[in-house]
Amino acid sequence: SKSYVDYEKVYLSRFSLLRKAYRRFYQMDGKEKELRLIREEMEAFEKEQGFWLADYCLYMAVKDSLEGISWNQWPEDLKTRKPELKEDISFYAFQQFWFYRQWNRLKKYANDRGIKIIGDLPIYVAFDGADAWANPDLFQFDEEATPAAVAGCPPDAFSATGQLWGNPLYNWEYHKKTGYNWWILRMTHCMKL
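These lines cover the structure that appears in this document, whether it is placed above or below. (Residues numbered from 1 in each chain as written. Predicted model: local features only at pLDDT ≥ 70, side-chain atom pairs only at ≥ 80, totals over all residues. Heavy atoms only, no water.)

As for the overall build of the protein
Rules: In this text, helices come from DSSP runs of H or I with a minimum length of four residues, and strands from runs of E with a minimum of two, each type numbered from the N-terminal end. We call two residues in contact whenever any of their non-hydrogen atoms come within 4.5 Å of each other. Counted as positive: Lys and Arg. Counted as negative: Asp and Glu. His and the chain ends are not counted at all. In plain terms, the charge of a residue is placed at NZ if it is Lys, CZ if Arg, CG if Asp and CD if Glu.
When helices and strands are tallied, the protein shows eight helices and two strands. In the protein, the succession of helices and strands from N to C terminus is α-α-α-α-α-α-β-β-α-α. For the protein, the spread of C-alpha atoms along the three principal axes comes to 60 × 45 × 45 Å. In the protein, the share of contacts with a sequence separation of at least 24, taken over all contacts with a separation of at least 6, comes to 63%. In the protein, 27 side chains carry a positive charge and 28 a negative one; their mean positions are 9 Å apart.

This is how it looks when you write it as structure tokens:
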């Protein structure tokens, strides 16, 4: 029999469960010592991952508050990072912390048994994502924060008409001026994963 995953259903339903876990985590009673240790671990995680985590959490909190519209359509005060969404920002940091905590444990378990995990790193980022919103200078955007050009590929054996992916292209002159700092941070982070 055929089986499939309803990704939309999973995507839409997981947040209610994650929000429930988030609320329960901060309402735990009787486990003060365990809670204190995990909170210390979370604080260390937030500090270590600060180069991307704060932007991502703020971006997601604002995006949620505006029912998912693309950041280039946000009101100006939100585009320029003036929101008051402390709990939602904390929720996204909570999610990322638990993901990384579980991932690192799984990776250690596999590595301890001689299993090495490799992954894929897409060269482009999504236009409607935290990287593009938080670092517009890294990309070829016009004055309205619209990509001046987007990624794709010409026709080939896989696609007679080519493909238009829609990812914003990088502003390589700006990257060069910064010593490719964003790329160095991104690659270092991915190598740890």
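Examining the packing of helix α2 (residues 32-48) against helix α3 (residues 50-65)
In plain terms, the rule: Here, axes are lines fitted to C-alpha atoms. For helices the fit covers the stretch in contact, and angles between N-to-C directions go from 0 to 180 degrees. Each angle is binned into one of four classes, with values under 35 degrees roughly parallel, values over 145 roughly antiparallel, values of 65 to 115 roughly perpendicular, and all other values oblique. Residue classes follow a fixed rule: Ala, Val, Leu, Ile, Met, Phe, Trp, Tyr, Cys and Pro count as nonpolar, while Asp, Glu, Lys and Arg count as charged, and any other residue, Gly among them, counts as polar.
Close contact between α2 and α3 brings their axes to 5 Å; oriented N to C, the two are set at 100°. On the basis of their axis angle, the class for α2 and α3 is roughly perpendicular. Mapping the contact onto sequence places F45, E46, K47 and E48 in α2 and G50, F51 and L53 in α3. Here the residues of the contact of α2 with α3 sort into three nonpolar, one polar and three charged.

Let's talk about α2
Put simply, the test is: How far a helix is expected to stretch is found by multiplying one less than its residue total by 1.5 Å. Burial here depends on accessible area, computed with a 1.4 Å probe over protein chains only, as a share of the maximum for the residue type. Under 20% is buried, over 50% is exposed, and the range in between is partly exposed. This arc describes the spread of directions from the helix axis toward the C-beta atoms.
With 17 residues, α2 extends 24 Å between its outermost C-alpha atoms, agreeing within 8% with the 24 Å of an ideal straight helix rising 1.5 Å per residue. Those residues of α2 lying buried are L35, I38, M42 and F45. Projection of α2 onto a plane perpendicular to its axis shows the buried side chains occupying an angular sector of 80°, all on one side. Along α2, exposed side chains directed more than 90 degrees from the buried face belong to E32, K33, E43, K47 and E48. Elements in contact with the buried residues of α2: α1 (7-26), α3 and α5 (86-112).

Some words on the environment of D88
Tracing the chain through its elements places D88 in helix α5. Taking the C-alpha atoms as reference, D88 lies 24 Å from E34; in sequence the two are 54 residues apart. Contact partners of D88, with chain neighbours within four places excluded, come to R19 and A61.

Digging into the layout of surface pockets
Summary: where empty space remains is shown by rolling a probe the size of a single water molecule over the atoms. Keep this limit in mind: Here a cavity denotes a set of grid points, spaced 1 Å apart and computed over the protein atoms alone, in which a 1.4 Å probe fits but from which it cannot get out, and a pocket denotes an open set meeting protein on both sides within 12 Å along at least five of seven lines; residues with an atom within 4 Å of a point are reported as lining. Grid points are joined across faces, edges and corners, and a volume is the space filled by probe spheres set on the points.
When its volume is computed, the largest pocket comes out at roughly 1200 Å³. What lines the largest pocket is a set of 39 residues, and nearest its centre among them are Y100, D131, R186, H189 and C190. With eight residues, the top contributor of residues to the lining of the largest pocket is helix α8 (residues 181-192). Here the lining of the largest pocket is composed, by residue class, of 26 nonpolar, seven polar and six charged.

Considerations on the side chain of K63
Within the secondary structure layout, K63 lies in helix α3. Owing to a relative accessible area of 13%, K63 belongs among the buried residues under this scheme. Beyond its immediate sequence surroundings of up to four residues, K63 is in contact with G68, I69, S70, W74 and D128.

So, the nonpolar core
Under the convention used in this document: Residues enter a nonpolar core if they are buried and are Ala, Val, Leu, Ile, Met, Phe, Trp, Tyr or Cys, with the set joined through side-chain atoms within 4.5 Å.
Ranked by size, the top nonpolar core spans 38 residues in total, and within it Y59, W71, W74, W133 and F139 carry the most contacts. Secondary structure elements with two or more residues in this core: α1, α2, α3, α5, α6 (130-134) and α8. With eight residues, the single largest contributor to this core is α3. Residues in contact with W74, not counting those within four places in the same chain, are Y59, V62, K63, L66, I69, K79 and W133.

Some details on unusual backbone geometry
For E67, which is not glycine, the phi torsion reads 60° and is therefore positive. Inspection of the secondary structure puts E67 in the loop between α3 and α4 (76-79). With a relative accessible area of 76%, E67 lands in the exposed category. Its identity as a non-glycine residue notwithstanding, Y180 has a phi of 60°, on the positive side. Relative to the helices and strands, Y180 is located in the loop between α7 (172-177) and α8.

The analysis is restricted to geometry; functional conclusions fall outside its scope.
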